[in-house]
Amino acid sequence: MNSLPNIEQAQLRAFERFKAAGISSAGIDAQVLLCHAIEQSRTYLFTWSDKLLTEAQSEAYELAISRREKGEPVAYIVGTREFWSLPLKVSPHTLIPRPDTERLVELALEKMGDQPGTGLDLGTGTGAIALALASERKDFQMLGVDLQPQAQALATENAQALNITNASFLQGSWFDPIADGDKFDIIVSNPPYIDEQDPHLAQGDVRFEPDSALIAKENGLADLRYIAEHGRTYLNEGAWLLMEHGYDQGQATRDILLGLGFQQVTTEQDYAGIDRVTLGQYKGL
Ligand code: GLN
């Protein structure tokens, strides 16, 4: 029988396997997956580095390591990802929330004004953006929509687990589930915006994420255009639309918004200084 490793040895072994597999986040991945396998915090790893793993913990860790070695995202292996300090359940039916999308949340909060209101998050996935906004603004009623029934169910589950009662979720394509005449004070979206030929689809986490959350026609612009065009019907006068997009889509997205009559159209950068969110205000034609 193999002798069981202690925490430090187990972590080092995983780190070396991840490095050999070309994973750049080898150190942090080894820690996060070990914390998950032994159901302990990261501080525990340092405090109890010579504590032996149990047989069950060692097996759980080995299973997680082999999944990660094959490229599977850490968030899918552990089943959660933190966004805007909210622990969210994730699944392979949804995009894994990205830190850069927190920039969209920041900008949306700036545009939400100081009156109570309503907000719509299109292609909500885990519910990340809608839940972040709902957690900050209890006086806003947030609605999230997703085409995938599994995403709608997951977002609903996340809202319940976090005790966020001012966000609800519907299944359907973009504006289809919205009742005629309903209008919002803000519309946000992180839609699919990657071109299907983009070589970056063959690298890293995106290989395991659903194409429906990543890829859009028209060089990735089709869904951005659809949301902006139809969004006009669902925005109250003076309300804002904010959409995340790719690093090279700022100009094209601004052109779309300007062509549709949006005002104060600007593109903002993410934390790496890359064009990431374009926003505009709709005051009617
Ligand atoms: N920002 C993500 C990536 O490039 C994609 C998110 C999206 O398509 N909405 O990995």
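Model, not experiment: these values are computed from the prediction.

A.B. asks: Any chance you could explain the overall build of the protein here in plain terms?
C.D. replies: In terms of regular secondary structure, the protein is built from eleven helices and nine strands. The C-alpha radius of gyration computed for the protein amounts to 21 Å, which stays within 12% of the reference 19 Å derived for 285 residues, consistent with globular compactness. Overall size of the protein, expressed as C-alpha extent along the three principal axes, is 75 × 40 × 30 Å. On the protein, roughly 13800 Å² of surface is accessible, and the fraction owed to carbon and sulfur atoms is 49%. Side chains of the protein give 23 positive and 41 negative charges; the mean places of these two sets differ by 2 Å.

A.B. asks: Would you mind showing me how to read the nonpolar core here?
C.D. replies: Note that soluble globular proteins tend to have their nonpolar side chains buried in a common cluster. Core analysis: the biggest nonpolar cluster contains 31 residues, and Leu120, Phe175, Ile187, Leu241 and Phe262 have the highest contact counts within it. In this view, Leu120 contacts Met142, Leu143, Val145, Phe175, Ile178, Phe184, Ile186, Ile187 and Val188; residues no more than four positions away in its chain are not counted. Leu88, Val105, Leu107 and Val188 belong to the second largest nonpolar core, which has 29 residues in total.

A.B. asks: Explain the sheet that holds strand E3 (residues 117-122) here, please?
C.D. replies: As a general point, the strands of a sheet are linked pairwise by backbone hydrogen bonds and lie either parallel or antiparallel. Pairing in this open sheet of seven strands is mixed, and the strands run E5-E4-E3-E6-E7-E9-E8 from one edge to the other. The sheet terminates laterally at strand E5 (167-171) and strand E8 (263-269), the two strands that pair on one side only. Going across the sheet, the axis of each strand differs from the next one's by a mean of 15°, ignoring polarity. Across five bridges, the pairing between E8 and strand E9 (residues 275-282) is antiparallel. In the strand pairing of E9, Gln263 is matched with Gln281.

A.B. asks: I would appreciate a short explanation of the packing of helix H1 (residues 7-20) against helix H2 (residues 26-38) in the present structure.
C.D. replies: Think of two packed helices as two axes; the pair is described by the angle between the axes and how far apart they sit. Their axes nearest at 8 Å, the elements H1 and H2 cross at an angle of 135°. The orientation of H1 relative to H2 falls into the category oblique. The crossing of H1 and H2 is right-handed. Seen from H1, the contacting residues are Ile7, Gln11, Ala14, Phe15, Phe18 and Lys19; seen from H2, they are Ala26, Gly27, Asp29, Ala30, Gln31, Leu33, Leu34 and Ile38. Considered class by class, the residues forming the contact of H1 with H2 number nine nonpolar, three polar and two charged.

A.B. asks: Hey, could you run me through the packing of aromatic side chains in this one?
C.D. replies: Aromatic ring pairs: the centre-centre distance and the angle between the two ring planes describe each pair. For the coordinates displayed, the defined rule picks out three aromatic pairs. Measuring from ring centre to ring centre gives 4.7 Å for Phe175 and Tyr234, while their planes differ by 5°; the resulting arrangement is stacked. Placement of Phe175 in the loop between E5 and strand E6 (184-189) and of Tyr234 in helix H10 (residues 222-234) is noted, with a sequence separation of 59 residues between them. Both residues of the pair, Phe175 and Tyr234, count as buried. Ring geometry for Phe262 versus Tyr282: centroids 5.1 Å apart, planes at 50°, classification tilted. Here the residue Phe262 occupies a position in the loop between helix H11 (250-259) and E8, and Tyr282 occupies one in strand E9, the gap between them amounting to 20 residues. Residue Tyr282 is classed as buried on the basis of its relative accessible area of 8%.

How each quantity is defined
Residues numbered from 1 in each chain as written. Predicted model: local features only at pLDDT ≥ 70, side-chain atom pairs only at ≥ 80, totals over all residues. Heavy atoms only, no water. Helix = DSSP H or I, 4+ residues; strand = E, 2+ residues; numbered from the N terminus. Rg over C-alpha atoms; globule rule 2.2 N^0.38 Å. Areas by Shrake-Rupley, 256 points an atom, 1.4 Å probe, with all protein chains shown as cover. Lys, Arg positive; Asp, Glu negative; His and termini not counted. Charge placed at Lys NZ, Arg CZ, Asp CG, Glu CD. Core = buried A, V, L, I, M, F, W, Y, C linked by side-chain atoms within 4.5 Å. Buried < 20%, exposed > 50% of the residue type's maximum accessible area, 1.4 Å probe, protein only. Contact = heavy atoms within 4.5 Å. Pairing = 2+ DSSP bridges. Axes fitted to C-alpha atoms, helices over the stretch in contact; angles between N-to-C directions. Parallel < 35°, antiparallel > 145°, perpendicular 65-115°, else oblique. Left-handed = near helix turned anticlockwise from the far one by under 90°. Nonpolar A, V, L, I, M, F, W, Y, C, P; charged D, E, K, R; others polar. Phe/Tyr/Trp six-rings, centres within 6.5 Å; stacked < 30°, edge-to-face > 60°.

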